[in-house]
Amino acid sequence: DTAVSQTPKYLVTQMGNDKSIKCEQNLGHDTMYWYKQDSKKFLKIMFSYNNKELIINETVPNRFSPKSPDKAHLNLHINSLELGDSAVYFCASSQVYGTSANIQYFGAGTRLSVL
Amino acid sequence: LAKTTQPISMDSYEGQEVNITCSHNNIATNDYITWYQQFPSQGPRFIIQGYKTKVTNEVASLFIPADRKSSTLSLPRVSLSDTAVYYCLDSGNTGKLIFGQGTTLQVKP
């Protein structure tokens, strides 16, 4: 059983399109995250939701909109895709929010290529 | 901007012990020190976490001196499958993990 699963694993699309990436966790965690890993391999946090409420929004363009229908899901919708959006996007979850001993569990990533 | 500093790369041979040291010059009082491992085409995976002194689990040991300005991840008897990128982080209560460039460990036969 995959703890944090993302779909799709690969996504190739044209500039200007709108696409979504789905994430589900079966760990019973309260908090979920989206990270972006660029070509230089730096992982940067984008968003975090705790119990379906947005708690972290790291100056990400408005074209990116996370949606959390329930605690187990955090989807990422991207409008008007640009070349610079090409990256690997990782979803993660943690049991609680607001503790320093917070351990995050990551999905396998979605490799987005914008042509 | 990453809060930690670690070597960009390290080489080792199978069967050796590998120690990766990280600087935590800006660590806050409540921060924990956490290490993650990332294989190609996979997400980061938690390895070990500690606050001070020594922590050991089935995968690694973590040494943290009293001033907490550094930490050392120790991997005993590495194998080829330990080739990966290793990240050290200061884990605060904001939930934000700030990843640096990590240390790329290459284990050779």
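Our subject is the structure listed above.
These lines cover the structure that appears in this document, whether it is placed above or below.

Parameters at a glance
Residues numbered from 1 in each chain as written. Chains lettered and ligands numbered in written order. Predicted model: local features only at pLDDT ≥ 70, side-chain atom pairs only at ≥ 80, totals over all residues. Heavy atoms only, no water. Helix = DSSP H or I, 4+ residues; strand = E, 2+ residues; numbered from the N terminus. Rg over C-alpha atoms; globule rule 2.2 N^0.38 Å. Pairing = 2+ DSSP bridges. Axes fitted to C-alpha atoms, helices over the stretch in contact; angles between N-to-C directions. Disulfide = S-S within 2.5 Å. Buried < 20%, exposed > 50% of the residue type's maximum accessible area, 1.4 Å probe, protein only. Contact = heavy atoms within 4.5 Å. Buried area = accessible area lost by both parts, 1.4 Å probe. Salt bridge = Lys/Arg side-chain N within 4 Å of Asp/Glu carboxyl O. Polar contact = N/O pair within 3.5 Å; in protein donor to acceptor, adjacent residues only side chain to side chain. Core = buried A, V, L, I, M, F, W, Y, C linked by side-chain atoms within 4.5 Å.

Describing the overall build of chain B
Right, so step 1: Scanning chain B from N- to C-terminus turns up 0 helices and 9 strands.
Right, so step 2: Counting helices and strands in the order they occur from the N terminus, chain B gives β-β-β-β-β-β-β-β-β.
Right, so step 3: Computed over the C-alpha atoms, the radius of gyration of chain B is 13 Å, within 12% of the 13 Å expected from 2.2 N^0.38 for a compact globule of 109 residues.
Right, so step 4: With respect to the three principal axes, the spread of C-alpha positions in chain B is 40 × 30 × 20 Å.

Describing the sheet that holds strand β6 (residues 61–64) of chain B
All names here are of chain B.
Right, so step 1: On the basis of which strands lie adjacent, the open sheet formed by 4 strands has the order β2-β7-β6-β5 and antiparallel pairing. Each edge of the sheet is formed by a strand with only one pairing partner; in this case those strands are β2 (18–23) and β5 (53–56). On average, each strand axis in the sheet is tilted by 15° relative to the strand beside it, whichever way the strands run.

Regarding the sheet that holds strand β9 (residues 103–108) of chain B
Each strand in a sheet pairs with its neighbour through backbone hydrogen bonds, running either in the same direction (parallel) or in the opposite one (antiparallel).
Residue and element names in this part refer to chain B.
Right, so step 1: In spatial order, the strands read β1-β9-β8-β3-β4; together these 5 strands make up an open sheet with mixed pairing. On the outer flanks of this sheet lie β1 (9–13) and β4 (45–50), each paired with one strand and no other. Across the sheet, the mean angle separating the axes of adjacent strands is 25° when strand polarity is ignored.
Right, so step 2: Both β1 and β9 contribute to a ladder of 5 bridges, which runs parallel. Residue Tyr-13 lies in a different strand from β9, and its bridge partner there is Lys-108.

Section: the state of the cysteines
Residues and elements named next belong to chain A.
Right, so step 1: All chains considered together, the criterion is met by 2 disulfides over all chains.
Right, so step 2: Put simply, Cys-23 and Cys-91 are joined by a disulfide, and their sulfur atoms are 1.8 Å apart. In this structure the cystine formed by Cys-23 and Cys-91 twists about its S-S bond by roughly -80°; its chirality is therefore left-handed. Of this pair, Cys-23 sits in strand β3 (residues 19–25) while Cys-91 sits in strand β9 (residues 87–94), and the two are 68 residues apart along the sequence. This pair shows no difference in class: Cys-23 is buried, exactly as Cys-91 is.

Brief notes about the pairing of strand β4 (residues 31–37) of chain A
All names here are of chain A.
Right, so step 1: Summarising burial for β4: 6 of the 7 residues are buried, a large majority.
Right, so step 2: Examined bridge by bridge, β4 and strand β5 (residues 43–50) share 7 bridges and lie antiparallel to one another. Bridge pairing links Met-32 to Tyr-49 in β5.
Right, so step 3: Between β4 and β5, which pair antiparallel one after the other, the connecting turn spans 5 residues, and Lys-41 there sits at a positive phi close to 75°.

Some details on the interface of chain B and chain A
It is common to give the size of an interface as the accessible area lost on bringing the parts into contact.
Right, so step 1: In this complex, chain B contributes 22 residues to the contact, which on the side of chain A involves 22 residues.
Right, so step 2: Summed over both sides, the interface of chain B with chain A buries roughly 1700 Å², with 54% coming from carbon and sulfur.
Right, so step 3: The interface formed by chain B and chain A holds 1 salt bridge in total.
Right, so step 4: Here Lys96(B) and Glu58(A) are joined by a salt bridge, their closest N and O atoms 3.0 Å apart.
Right, so step 5: At the junction of chain B with chain A, the criterion picks out 4 residue pairs in polar contact (both at pLDDT 80 or more).
Right, so step 6: Those elements that place two or more of their residues in the side of chain B that touches chain A are β3 (32–38), β4 and β8 (84–91) of chain B.

Describing the side chain of Asp85(A)
Residues and elements named next belong to chain A.
Right, so step 1: Note on placement: Asp-85 falls in the loop between β8 (73–78) and β9.
Right, so step 2: At 2.8 Å, the side chain of Asp-85 and the backbone nitrogen of Glu-82 are in polar contact.
Right, so step 3: If we ignore the near neighbours within four places in the chain, the residues touching Asp-85 are Lys-36, Arg-63, Phe-64, Ile-78, Ser-80, Leu-112 and Val-114.

Thoughts on the nonpolar core
Side chains of a nonpolar character, in soluble globular proteins, are inclined to be buried together.
Right, so step 1: With 20 residues, the main nonpolar core has Trp34(A), Met46(A), Phe47(A), Phe64(A), Leu76(A), Tyr89(A) and Leu112(A) as its most contacted residues.
Right, so step 2: Sorting the residues of this core by element identifies β3, β4, β5, β8, β9 and β11 (110–114) of chain A as the ones contributing at least two each.
Right, so step 3: Each residue touching Leu76(A), except ones within four places of it in the same chain, is listed here: Lys19(A), Ser20(A), Ile21(A), Trp34(A), Met46(A), Phe47(A), Phe64(A), Ser65(A), Pro66(A) and Tyr89(A).
Right, so step 4: Formed by 19 residues, the second largest nonpolar core is a distinct cluster that contains Ile33(B), Ala60(B), Val78(B) and Cys88(B).

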